[in-house]
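Residue-level structure breakdown
Residue-level listing of the chains:
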Amino acid sequence: MKERDFSKMTEEEFLKAAFTEAANREIAEIEAMDIEVLEPTDEQRREIKELLDRKFGSN
């Protein structure tokens, strides 16, 4: 990781750098997880479609 001279940063630059660093670490942790996401069953697909149709109207 690159060293930064925080003393020369504005508050906005500092906050942006801190947020970016935190986000990058969070993304790396999530990407490191080994999670299997299964395809929905036909019943789950129908339920999802019904809920979406109710919420947004059917096309």
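Here the structure is shown first, and the text comes after it.
Attention in this report is confined to the structure presented alongside it. Treat the numbers as computed from the prediction; the structure is a model and nothing was measured. (Residues numbered from 1 in each chain as written. Predicted model: local features only at pLDDT ≥ 70, side-chain atom pairs only at ≥ 80, totals over all residues. Heavy atoms only, no water.)

1. Thoughts on the overall build of the protein
Convention followed: Labels follow the DSSP assignment, with helices taken as runs of H or I lasting at least four residues and strands as runs of E lasting at least two, numbered in each case from the N terminus. C-alpha atoms define the radius of gyration in this analysis, and the globule rule sets the expected value at 2.2 Å times the number of residues to the power 0.38. Areas reported here follow the Shrake-Rupley algorithm with a probe of radius 1.4 Å; residue values treat only the protein chains shown as occluding.
If you tally the helices and strands in the protein, you get 2 helices and 0 strands. The globule rule puts the C-alpha radius of gyration for 59 residues at 10 Å, and the 21 Å found for the protein is more than 25% above it. Oriented by its inertia axes, the alpha-carbon framework of the protein measures out at about 55 × 30 × 10 Å. Of the roughly 6,300 Å² of accessible surface on the protein, 54% is carried by carbon and sulfur atoms.

2. Regarding a nonpolar patch on the surface
Heads up, the condition is: Like-charged residues within 9 Å of one another, or nonpolar side chains (Val, Leu, Ile, Met, Phe, Trp, Tyr) within 5 Å, are grouped into patches, provided each residue has over 30% relative accessible area and no salt bridge. Here, a salt bridge means any side-chain nitrogen of Lys or Arg that lies within 4 Å of a carboxyl oxygen of Asp or Glu. Partly exposed residues are those whose accessible area sits between 20% and 50% of the maximum for their type, while under 20% is buried and over 50% is exposed, using a 1.4 Å probe and protein chains only.
Residues I30, M33, I35 and V37 make up a contiguous nonpolar surface patch of about 450 Å² in total accessible area. Summarising the element assignment, I30 is placed in helix 1 (residues 11-32). Accessibility expressed as a relative area gives 49% for I30, which makes it partly exposed.

3. Re the pattern of salt bridges
Following the criterion strictly, the structure yields 3 salt bridges and no others. The closest approach of N and O atoms between E21 and R25, which form a salt bridge, is 2.7 Å. A residue pair is termed a helical-turn pair when its members lie 3 or 4 positions apart in one helix, as E21 and R25 do in helix 1 at 4 residues. A residue is classified by how much of its surface remains accessible, and E21, at 23% relative accessible area, is partly exposed.

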